[in-house]
Amino acid sequence: MSEFWLISAPGEKTCQQTWDKMMAATTRTNNLSTNHKFNIPDLKVGTLDVLVGLSDELAKLDSFVESVVRKVAQYMADVLEDSRDKVQENLLANGVDLVTYITRFQWDMAKYPIKQSLKNISEIISKQVSQIDNDLKTRASAYNNLKGNLQNLERKNAGSLLTRSLADIVKKEDFVLDSEYLITLLAVVPKTGYTDWQKTYESLAEMVVPRSSHLLFEDNDSGLFSVTLFRKAIDDFKHKARENKFTVRDFQYNEEELKADKEEITRLCTDKKKQFGPLVRWLKVNFSEAFIAWIHIKALRVFVESVLRYGLPVNFQAMLLQPSKKTMKKLREVLNDLYKHLDSSAAAIIDSAMDIPGLNLSQQEYYPYVYYKIDCNLLDFKV
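Every value quoted in this text rests on a predicted model; they were computed, and no experiment measured them. (Residues numbered from 1 in each chain as written. Predicted model: local features only at pLDDT ≥ 70, side-chain atom pairs only at ≥ 80, totals over all residues. Heavy atoms only, no water.)

**What about the nonpolar core?**
Item 1. The biggest cluster of nonpolar side chains holds 81 residues, and the ones touching the most others in it are Ile 125 and Phe 291.
Item 2. Residue contributions to this core peak at 19 residues, all from helix H8 (residues 255-310). (Core = buried A, V, L, I, M, F, W, Y, C linked by side-chain atoms within 4.5 Å. Buried < 20%, exposed > 50% of the residue type's maximum accessible area, 1.4 Å probe, protein only. Helix = DSSP H or I, 4+ residues; strand = E, 2+ residues; numbered from the N terminus.)

Written out as structure tokens, the structure reads:
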């Protein structure tokens, strides 16, 4: 399970007692979760008014930063097209996997100095992550355009003979070129119609050069045949060919254009390879930055909410619980029993919710203890 519950409860005589009690309730007899202390430093409290306002701002910032973390992770998966199994090993925070980073969380004093006010710290994070978001849009747009242009060209070089580019199929010697009277056309003939073509192509119009048709290329369904005729018979030939279910491609051999097409594909392939390495490196670095910022936001929210709920002086224990899917419901009940004395109204809401099927409190999850969820499953596919 990559879901964590970040909770806090007020310190008993000491914060260690709060920790011991929670450990006893959740692990001693029933092994409901794997638990870790979550270290939050002594942050500047400020005034009650500021804390109340900050509580709302941090909730919005939490959603925004999480969305950026997910965007960067998902784009990493998109860029690593053929090696999606490698995505997870590139999604690291401070060089370690996400679970390790969360369970051993240490506040980054250099990035987010605790001498600053809580509001300033939240603004530092907001600016930093907004910059990552903007940079991602710019880089993704440039890379996607390149990738899109390349895919369009590659698509032209694949698919049915009726639509695909013929640049890599035909050669100069397949055509009568620079003739005032003669022209070579290319016809797509279904494989089932090869015999009909050979019998009839010379008589589809007047002035078709006898024995001028050659099979140049074939795929699973059709073949590409050349045929040479007088220019004045083109329209008549095309019309009769269509009646016989032969399709004349609208194609004129132009060496310069064909060469330009090939060069364009080579250039785009080279550009894509050139951009790929730096882009993946940027995504790795900035995923780490955004994820670290996100967990610091969670720490700020726990701190602010704990002070608002449990009062001053600051005295609470933040704890990180990792439940398993099977134990979630039971763990929630145990925590509710352990902390219901903290807020009787919350306990009443939870008790009544358990009795009312269909009542969804997930939009406004409220418990007698401070609670925030951290979901490390950041991708839409199972890696």
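Having put the structure on the table, let's press on.
**Focus on the pattern of salt bridges**
Item 1. Applying the stated criterion across every chain, the model contains 20 salt bridges.
Item 2. Residues Arg 301 and Asp 62 are paired through a salt bridge, measuring 2.6 Å at the closest nitrogen-oxygen approach. One end of the pair, Arg 301, is in helix H8; the other, Asp 62, is in helix H2 (residues 48-79), and 239 residues separate them in sequence.
Item 3. Between Glu 333 and Lys 329 there is a salt bridge, and its shortest N-O distance comes to 3.9 Å. Residue Glu 333 and its partner Lys 329 are both found in helix H9 (residues 328-339); the two are separated by four residues, about one turn of the helix.
Item 4. The exposure class of Glu 333 is partly exposed, given its relative accessible area of 28%. (Salt bridge = Lys/Arg side-chain N within 4 Å of Asp/Glu carboxyl O.)

**So, the confidence of the model for the protein**
Item 1. Looking at the protein as a whole, its pLDDT mean stands at 90, while 93% of the residues score no less than 70.
Item 2. Within the model, the stretch residues 355-363 combines pLDDT values under 50 with three contacts to residues more than four positions away or in other chains. (pLDDT = per-residue confidence, 0-100. Contact = heavy atoms within 4.5 Å.)

**Things to note about the packing of aromatic side chains**
Item 1. The full count for this structure, using the stated rule, is 18 aromatic pairs.
Item 2. A centroid spacing of 5.8 Å and a plane angle of 90° characterise the contact between Trp 5 and Tyr 371, whose relative ring orientation is edge-to-face. In this pair, Trp 5 sits in strand S1 (residues 3-10) while Tyr 371 sits in strand S10 (residues 370-375), placing the two residues 366 residues apart along the sequence.
Item 3. Each member of the aromatic cluster is reached from another via a ring pair, and the members are Phe 38, Tyr 101, Phe 105, Phe 287, Phe 291 and Trp 294.
Item 4. The ring of Tyr 367 carries the charged tip of Arg 332 above its face, separated from the ring centre by 4.0 Å.
Item 5. The aromatic ring of Tyr 371 is capped on one face by Arg 332, whose charged end is 4.2 Å from the ring centroid. (Phe/Tyr/Trp six-rings, centres within 6.5 Å; stacked < 30°, edge-to-face > 60°. Lys NZ or Arg CZ within 6 Å of the ring centre and 35° of its normal.)

**Focus on the sheet that holds S1**
Item 1. Strand order in the open sheet made by the four strands is S2-S9-S1-S10, with antiparallel pairing throughout. Each edge of the open sheet is held by one strand with a lone partner, namely strand S2 (33-37) and S10. With strand direction ignored, the average angle separating the axes of adjacent strands in the sheet is 25°.
Item 2. Sheet analysis places S1 next to strand S9 (residues 316-323), joined by six bridges and oriented antiparallel. Considered in S9, the bridge of Ala 9 is made with Gln 317.
Item 3. Contacts between helix H1 (residues 15-28) and the sheet are confined to S1, S2 and S9, with S2 contributing the most and set at about 170° to the helix. (Pairing = 2+ DSSP bridges. Axes fitted to C-alpha atoms, helices over the stretch in contact; angles between N-to-C directions.)

**A closer look at helix H7 (residues 234-243)**
Item 1. Within H7 the residues assigned to the buried category are Ile 234, Phe 237 and Ala 241. End-on view of H7: buried residues confined to an arc of 65°, all on one side of the axis. Projecting away from the buried face of H7 at angles above 90 degrees are the exposed residues Asp 235, Arg 242 and Glu 243.
Item 2. Those residues of H7 hidden inside the fold are in contact with strand S5 (182-190), helix H6 (194-200), strand S7 (222-230) and strand S8 (247-249).
Item 3. Remark: Lys 245 follows H7 within two positions and exhibits a positive phi of approximately 65°. (Arc of directions from axis to C-beta.)

**Side note on a nonpolar patch on the surface**
Item 1. On the surface, Tyr 181, Met 207 and Phe 230 cluster together to form a nonpolar patch covering roughly 300 Å² of accessible area.
Item 2. Residue position: Phe 230 is located in strand S7. (Patch = residues over 30% accessible without salt bridge, like charges linked within 9 Å, V, L, I, M, F, W, Y side chains within 5 Å. Areas by Shrake-Rupley, 256 points an atom, 1.4 Å probe, with all protein chains shown as cover.)

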